Amino acid sequence: IEDALEGREFSYFAISDGKTHKILGSAKDYKTLFDGDNGPNTGSMGSVSPSGTVKGIEEKIENDLVSRAFDGMRKEGIFYKGVFYVGGISAESKPFCIEYNARWGDPECQVVLPSLQNDYVDVVQASIDGKLNKIDLIQDDLTRICVVGAARGYPGNYLDVIGKRISGLEDVLKIPEIKIYGAGIKVEGGKFYANSGRLFSIVGKGRNVLEAREKVYEAMKLVSIEGNNLHYRKDIGI
Ligand code: GLY
């Protein structure tokens, strides 16, 4: 029987080596197709990190939902190694767990991982070797926003968009502060073509949500798909 909780969702990431764990950060995932959390659910239309939702309840999340889960697993003989995240909800300022995931989240990874200043390979190796206690995680305090570019029609029928040219990504690639992650893109002769529903994500960063939003949407404005076939949410980070 579900609790039918109402509130704001968050994702909270940690990495464990079976004995100890370190917090990687938080994010909010924007799952629905349209602004204002309207429309059908998708594989996600964007993310922001850190998540404003977890402000003031981080300690409770870490104690009640993260540490307790690892302790519980160890009691059952499970020495979990790897990335782990709580898909949670804050209802009346209390965090509740909706699900645990034994992996990164997409597109949360795109906004959480770049804040890590350590070499990620060293961190993963320490998780494998049971030596996370020897590593101090260093994270910057920037805000990152990821906006997903999708084919118009997604998550319904977007077959008409497949094969259409995506223009402007070449220009975005030249902006040093912006990162692009390909998803459903086909590259032919150095040109980009739509090849799926969720096509790519663009990540912008700044000292706060306003700055990160400005950066990412300036970049997104450069991109188009012939026939006005690019769809993206305009409210990521809000
Ligand atoms: N963004 C949610 C997930 O990766 O499942």
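Residues numbered from 1 in each chain as written. Predicted model: local features only at pLDDT ≥ 70, side-chain atom pairs only at ≥ 80, totals over all residues. Heavy atoms only, no water.

1. Some thoughts on the environment of Glu 211
- Mapped onto the secondary structure, Glu 211 falls in helix α5 (residues 209-220).
- A C-alpha to C-alpha distance of 9.9 Å links Glu 211 and Leu 142, two positions 69 residues apart in sequence.
- Setting aside its immediate chain neighbours within four residues, Glu 211 contacts Lys 205 and Gly 206. (Helix = DSSP H or I, 4+ residues; strand = E, 2+ residues; numbered from the N terminus. Contact = heavy atoms within 4.5 Å.)

2. Structural notes on the state of the cysteines
- Per the stated rule, a full pass over the model turns up 0 disulfides.
- Here Cys 97 stays free of any disulfide, with the sulfur of Cys 109 as its closest cysteine sulfur at 19 Å.
- Given a relative accessible area of 29%, Cys 97 falls into the partly exposed group.
- Cysteine Cys 109 is unpaired, with the sulfur of Cys 146 as its nearest cysteine sulfur at 10 Å. (Disulfide = S-S within 2.5 Å. Buried < 20%, exposed > 50% of the residue type's maximum accessible area, 1.4 Å probe, protein only.)

3. Comments concerning unusual backbone geometry
- Of note, the bond from Asp 106 into Pro 107 is cis; its omega dihedral lies within 30 degrees of zero at 15°.
- As for its placement among the helices and strands, Pro 107 is situated in the loop between β7 (94-101) and α2 (109-112).
- Across the junction of Tyr 154 and Pro 155, the peptide omega takes the value 5°, indicating a cis bond.
- Looking at the element boundaries, Pro 155 is found in the loop between β8 (143-151) and β9 (165-167).
- Unusually for a residue other than glycine, Ala 4 sits at a positive phi of about 50°.
- Accessibility expressed as a relative area gives 64% for Ala 4, which makes it exposed.

4. Observations regarding the packing of aromatic side chains
- On inspection of all chains with the given rule, the structure shows 9 aromatic pairs.
- For the ring pair Tyr 80 and Phe 84, a centre distance of 5.8 Å and an interplane angle of 65° mean the geometry is edge-to-face. Residue Tyr 80 shares its accessibility class with Phe 84, and that shared class is buried.
- Sitting above the plane of the Tyr 232 ring, Lys 234 keeps its charged end 4.7 Å from the centroid. (Phe/Tyr/Trp six-rings, centres within 6.5 Å; stacked < 30°, edge-to-face > 60°. Lys NZ or Arg CZ within 6 Å of the ring centre and 35° of its normal.)

5. Examining the site of the ligand
- Inspection of the region around the ligand gives Asp 29, Tyr 85, Arg 103, Gly 105, Asp 106 and Glu 108 as its neighbouring residues.
- Between the ligand and Asp 29 there is a distance of 2.8 Å, counted from a nitrogen atom to a side-chain nitrogen or oxygen.
- Contact between the ligand and Glu 108: a nitrogen atom at 2.8 Å from a side-chain N or O atom of the residue.
- Protein burial of the ligand: of its 200 Å² of free accessible surface, 82% is covered by the chains.
- Residue composition of the shell around the ligand, grouped by class: 1 nonpolar, 1 polar and 4 charged. (Near = heavy atom within 4 Å. Polar contact = N/O pair within 3.5 Å; in protein donor to acceptor, adjacent residues only side chain to side chain. Areas by Shrake-Rupley, 256 points an atom, 1.4 Å probe, with all protein chains shown as cover. Nonpolar A, V, L, I, M, F, W, Y, C, P; charged D, E, K, R; others polar.)

6. Focus on the nonpolar core
- Val 147, Ile 166, Phe 200, Ile 202 and Val 223 are the most contacted members of the largest nonpolar core, which totals 25 residues.
- Of all the secondary structure elements, the ones that give two or more residues to this core are β8, α4 (169-173), β12 (191-194), β13 (198-206) and α5.
- Residues within four places of Ile 202 in sequence aside, it is in contact with Ile 145, Cys 146, Val 147, Val 172, Ile 178, Lys 179, Ile 180, Val 216, Ala 219, Met 220 and Val 223.
- In this structure, Ile 15, Trp 104, Val 111 and Leu 132 belong to the second largest nonpolar core, which totals 18 residues. (Core = buried A, V, L, I, M, F, W, Y, C linked by side-chain atoms within 4.5 Å.)

7. Quick word on the pattern of salt bridges
- Using the criterion set out here, one finds 12 salt bridges in the structure.
- For Arg 74, the salt bridge identified is with Asp 71, shortest N-O distance 2.8 Å. Placement of both Arg 74 and Asp 71 in helix α1 (residues 58-75) is noted, with a separation of 3 residues, approximately one turn of the helix.
- Overall, Arg 74 belongs to the partly exposed group, its relative accessible area being 24%.
- Notably, a salt bridge pairs Arg 198 with Asp 106, separated by 3.5 Å at the nearest N-O pair. Of the two residues, Arg 198 sits in strand β13 while Asp 106 sits in the loop between β7 and α2, which places them 92 residues apart along the sequence.
- Among the residues examined, Asp 106 registers a relative accessible area of 41% and is labelled partly exposed.
- Residues joined in a network through salt bridges with shared partners are Glu 9, Asp 29 and Lys 31. (Salt bridge = Lys/Arg side-chain N within 4 Å of Asp/Glu carboxyl O.)

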